[in-house]
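As a plain string of letters, each chain reads:
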Amino acid sequence: RREYPIYLAAPDFSYADRRAIDRAVASLTYHNFVVRRPVVENGELPAGSDSAVLERTYQADCSLLRQCTVLFAVPTGRDPGTLVEVGIALEANIPVVVYDPAGENRNTMVMAGARNYSADLDSCLNAVFSILSGVQQK
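Since this is a predicted model, take the numbers as computed values, not measurements. Residue numbers here run from 1 along each chain, matching the order of that chain's written sequence. Local features in a predicted model are, by the rule used here, given only for residues with pLDDT of at least 70; side-chain atom pairs are given and counted only at 80 or more, and totals for whole chains, interfaces and linings are based on all residues. Where side-chain values are given, they derive from all heavy atoms of the structure, hydrogens and water being excluded.

**Re the overall build of the chain**
When its secondary structure is counted, the chain shows 6 helices and 5 strands. Only DSSP runs of H or I covering at least 4 residues are called helices, and only runs of E covering at least 2 are called strands; the numbering of each starts at the N terminus. The secondary structure elements of the chain, listed N-terminal to C-terminal, are β-α-β-α-α-β-α-β-α-β-α. For the radius of gyration, the atoms used are the C-alpha atoms, and the globule rule reads 2.2 Å times the number of residues raised to 0.38. For a compact globule of 138 residues, the expected C-alpha radius of gyration is about 14 Å, and the chain comes in at 14 Å, within 12% of that figure. For the chain, the C-alpha atoms occupy an extent of roughly 45 × 30 × 30 Å along the three principal directions. The buried label goes to any residue with under 20% of its type's maximum accessible area, the exposed label to any with over 50%, and the partly exposed label to all in between, with areas taken from a 1.4 Å probe on protein chains only. By the burial criterion, 44% of the 138 residues in the chain qualify as buried. Contacts between residues were defined by any pair of non-hydrogen atoms, one from each residue, lying within 4.5 Å. Restricting the contact set of the chain to residue pairs at least 6 apart, pairs at least 24 apart contribute 65%.

**Considering the sheet that holds strand β1 (residues 6–9)**
Pairing between strands is defined by DSSP: at least two bridges between them are needed. Read from one edge to the other, the open sheet built from 5 strands follows the order β2-β1-β3-β4-β5, with strand pairing classed as parallel. This sheet does not close on itself; its edge strands, each paired only once, are β2 (35–36) and β5 (116–118). Here 3 bridges tie strand β4 (residues 96–99) to β5, and the two strands are oriented parallel to one another. Across the sheet, residue Val97 finds its bridge partner in β5, namely Asn116.

**Structural notes on the packing of helix α3 (residues 51–66) against helix α4 (residues 80–91)**
Following both chains from N to C, one finds α3 and α4 inclined at 50°, their axes separated by 11 Å at the closest point. Taken together, the axes of α3 and α4 are oblique relative to one another. Here α3 runs over α4; the crossing is right-handed. From α3, Tyr58, Cys62 and Leu65 reach across to α4, where they touch Glu85, Ile88 and Ala89. Note on residue categories: nonpolar means Ala, Val, Leu, Ile, Met, Phe, Trp, Tyr, Cys or Pro, charged means Asp, Glu, Lys or Arg, and polar means any other residue, Gly included. Looking at the contact of α3 with α4 residue by residue, the class counts come to 5 nonpolar, no polar and 1 charged. Helix axes are fitted to C-alpha atoms over the stretch in contact, other axes to C-alpha atoms as well, and angles between N-to-C directions run from 0 to 180 degrees. For classification, angles of less than 35 degrees are called roughly parallel, those exceeding 145 degrees roughly antiparallel, those between 65 and 115 degrees roughly perpendicular, and all remaining angles oblique. If you view the pair so one helix is near and one far, a crossing is left-handed when the near helix is turned anticlockwise from the far one by less than a right angle, and right-handed when it is turned clockwise.

**A word on the pattern of salt bridges**
When a carboxyl oxygen of Asp or Glu is within 4 Å of a side-chain nitrogen of Lys or Arg, the pair counts as a salt bridge. One pass over the full model with this rule turns up 5 salt bridges. Taking the shortest distance from any N to any O, the salt bridge between Asp17 and Arg19 comes out at 2.5 Å. Residue classification places Asp17 among the partly exposed residues on the basis of a relative accessible area of 44%. Between Asp22 and Arg18 there is a salt bridge whose closest N-O contact spans 3.9 Å. The class of Arg18 is partly exposed, set by a relative accessible area of 27%.

**Some thoughts on helix α1 (residues 19–30)**
Each residue after the first adds 1.5 Å to the expected span of a helix. In a regular helix each residue adds 1.5 Å, so 12 residues correspond to 16 Å; α1 covers 16 Å between its end C-alpha atoms and thus fits that length. Where α1 is concerned, the buried positions are Ala20, Ile21, Ala24, Val25, Ser27 and Leu28. Relative to the axis of α1, the buried residues are bounded by an arc of 165° and lie together on one face. Opposite its buried face, α1 presents the exposed residues Arg19 and Tyr30, each directed more than 90 degrees away. Asn32 sits one or two residues past α1 and shows a positive phi near 65°. By definition, the arc is the one covered by directions from the helix axis to the C-beta atoms.

Below, the structure written as structure tokens:
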């Protein structure tokens, strides 16, 4: 499982409510997945960051996403950055799993584009296993 990194698309910021995010990360790491966390790896930008810093971070996040096999989204609070990352992954044909515990993102593009959309974490974990079993068979 370690050779199939998972990109975490979520508002993984120090000031955000991260309970659902932490639950998802704990479950994925329990199952020995490597969870790539762009906010942790590329930094949390301070408010008012200049355009050069924004561009550098955007490029680093996109590069990290392209290195991953699956995007696992936890779009709490209808976070626009998370939803943009979902769109980028869909366009790049990277499978997307959306764990939406509060059901805040019941949107056609999110629900139809994702391989799995659910408020149930176990359903989302099962989807990751299913996706990776297909990757391994190729």
